Amino acid sequence: SQKIEQNSEALNIQEGKTATLTCNYTNYSPAYLQWYRQDPGRGPVFLLLIRENEKEKRKERLKVTFDTTLKQSLFHITASQPADSATYLCALDVVSGAGSYQLTFGKGTKLSVIP
Amino acid sequence: EPEVTQTPSHQVTQMGQEVILRCVPISNHLYFYWYRQILGQKVEFLVSFYNNEISEKSEIFDDQFSVERPDGSNFTLKIRSTKLEDSAMYFCASSVTSGGISSYNEQFFGPGTRLTVL
């Protein structure tokens, strides 16, 4: 069966350190992998997208890697700040049987950055 | 900055009643989506909509659900006869494109409507 797993439900790190979140998937062949941030009671906010033929993508303090052989993406936040505390969602852009695309989300990892 | 808006922010209804959740997607976007998130669980895809018709729907989106774009700006989700298990946060999203080799499928989400079925 198809699964998307994010390494842990919660991750606590010290301010200034690098947070690394993991997303593993099985039985999917995604064209893209996306990362979103979700704050309590709010909708997901897009952060980064990486295509299947890209190894790495960066945006300011964020970095995403995508290994289609391992079926894994790593999401890094460098120099983390308390304002980075949120739930981070991995989402696969999956071709449906009808040929259209839809996002399939993991459960998310709740990151807490401790001052 | 343009954003997706949703109304109401919170809807309380009795089991068996019909509800309509409303969304205004970003104006130049062509693809529209509904997702739901039951408390403490993951965000789940319900339906995608393009060119005034459903392009894809999940198995959650059964005959009790329907979507409509009644005019040039609104996008609605109707639940015909609500059940207790329909209680969730419902998110509308929109994107410029739907994905594909040469496309870019960043989706913009609204703030959500919290539906409580009693």
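Here's what I pulled together on the structure shown here. From a predicted model like this one, the values you see are computed outputs, not experimental measurements. Position numbers for residues count from 1 along each chain, tracking the sequence in the order it is written. Chain labels run from A onward and ligand labels from 1 onward, assigned in the order the entries are written. Only residues with pLDDT of at least 70 are given local features in this predicted model, and only at 80 or more are side-chain atom pairs given and counted; all residues enter the totals for whole chains, interfaces and linings. Note that the side-chain values use all heavy atoms of the structure and ignore hydrogens as well as water.

**Overview of the overall build of chain A**
Test applied: A run of H or I in DSSP counts as a helix once it spans at least four residues, and a run of E counts as a strand once it spans at least two, with each numbered from the N terminus. Both definitions apply: the radius of gyration is a C-alpha atom measure, and the globule rule equals 2.2 Å times residues to the power 0.38. Exposure classes here rest on a 1.4 Å probe applied to the protein chains alone. A residue is buried below 20% of its type maximum, exposed above 50%, and partly exposed in between. The contact criterion used throughout is that any non-hydrogen atoms of two residues lie within 4.5 Å.
Looking only at helices and strands, chain A features zero helices and eleven strands. Taken from N to C terminus, the helices and strands of chain A fall in the order β-β-β-β-β-β-β-β-β-β-β. Whereas a compact globule of 115 residues would reach a radius of gyration of roughly 13 Å, chain A reaches 14 Å, a difference of no more than 12%. Viewed in the frame of its principal axes, chain A has a C-alpha envelope of about 45 × 30 × 20 Å. Looking at chain A residue by residue over its 115 residues, the buried ones come to 48%. Contacts in chain A between residues far apart in sequence, at least 24 positions, make up 54% of those at least 6 positions apart.

**Some words on the overall build of chain B**
Put simply, the test is: Areas reported here follow the Shrake-Rupley algorithm with a probe of radius 1.4 Å; residue values treat only the protein chains shown as occluding.
From N to C terminus, chain B includes zero helices and eleven strands. Each helix and strand of chain B, ordered N terminal to C terminal, gives the series β-β-β-β-β-β-β-β-β-β-β. Its C-alpha atoms give chain B a radius of gyration of 14 Å, within 12% of the compact-globule value 13 Å for 118 residues. Here the C-alpha coordinates of chain B stretch approximately 45 × 30 × 30 Å along the principal axes. Classification of the 118 residues of chain B by burial places 47% in the buried group. Considering only contacts in chain B between residues 6 or more positions apart, those separated by 24 or more positions represent 56%. Carbon together with sulfur atoms contributes 48% to the accessible area of chain B, which is approximately 5900 Å² in total.

**Some remarks on the state of the cysteines**
The criterion, for reference: Here, two cysteine sulfur atoms that lie within 2.5 Å of each other are counted as a disulfide.
Scanning the entire structure with this criterion turns up two disulfides over all chains. Bridging Cys23(A) to Cys90(A), the disulfide has an S-S length of 2.0 Å. A torsion of -55° about the S-S bond marks the disulfide between Cys23(A) and Cys90(A) as left-handed. Of this pair, Cys23(A) sits in strand S3 (residues 19-26) while Cys90(A) sits in strand S9 (residues 86-95), and the two are 67 residues apart along the sequence. The exposure class of Cys23(A) is buried, given its relative accessible area of 0%. Judged by its relative accessible area of 0%, Cys90(A) is buried. The side chain of Cys23(B) participates in a disulfide bridge whose partner is Cys92(B); the two sulfur atoms lie 1.9 Å from each other.

**Focus on the sheet that holds strand S8 (residues 75-79) of chain B**
Residues and elements named next belong to chain B. Here is the rule: Whether two strands pair comes down to DSSP finding at least two bridges between them. A fitted line through C-alpha atoms serves as each axis, taken over the contacting stretch for helices, and the angle formed by two N-to-C directions is quoted from 0 to 180°.
As summarised here, the arrangement of the four strands in space is S1-S3-S8-S7, forming an open sheet in which the pairing is antiparallel. Pairing within the sheet leaves two strands with one partner each, and these edge strands are strand S1 (5-7) and strand S7 (65-68). Strand-to-strand, the axes of this sheet are offset by a mean angle of 20°, without reference to chain direction. Here strand S3 (residues 19-24) pairs with S8 via five bridges, running antiparallel. If you follow Leu 21 over to S8, its bridge partner there is Leu 77.

**Here we look at the nonpolar core**
Soluble globular proteins tend to bury their nonpolar side chains together. The condition that has to hold: For the purposes of this section, nonpolar cores are sets of buried Ala, Val, Leu, Ile, Met, Phe, Trp, Tyr and Cys residues that join through side-chain atoms within 4.5 Å.
Membership of the largest hydrophobic core comes to 24 residues, with the highest contact counts inside it found for Leu33(A), Trp35(A), Phe75(A) and Tyr88(A). Sorting the residues of this core by element identifies S3, strand S4 (32-38), strand S5 (45-51), strand S7 (62-67), strand S8 (72-77), S9 and strand S11 (109-114) of chain A as the ones contributing at least two each. If one sorts the elements of this core by residue count, S9(A) sits on top with five residues. Counting residues in each nonpolar core, the second largest holds 21 residues, with Val47(B), Phe49(B), Ile79(B) and Cys92(B) among its members.

**As for the packing of aromatic side chains**
Applicable threshold: Side-chain rings of Phe, Tyr and Trp, where Trp is taken by its six-membered ring, are said to pair if the distance between their centres is within 6.5 Å; with planes under 30 degrees apart they count as stacked, over 60 as edge-to-face, and otherwise as tilted.
Across all of its chains, the model carries 17 aromatic pairs over all chains by this definition. Look at Tyr31(B) and Tyr50(B): their rings are 4.3 Å apart centre to centre, the planes differ by 10°, and that puts the pair in the stacked class. Of this pair, Tyr31(B) sits in strand S4 (residues 31-37) while Tyr50(B) sits in strand S5 (residues 43-50), and the two are 19 residues apart along the sequence. A relative accessible area of 15% places Tyr31(B) in the buried class. With a relative accessible area of 34%, Tyr50(B) lands in the partly exposed category. Cluster of aromatic residues (ring-pair linked, three or more members): Tyr36(A), Phe46(A), Phe105(A), Tyr33(B), Tyr35(B), Phe45(B), Phe91(B) and Phe109(B).

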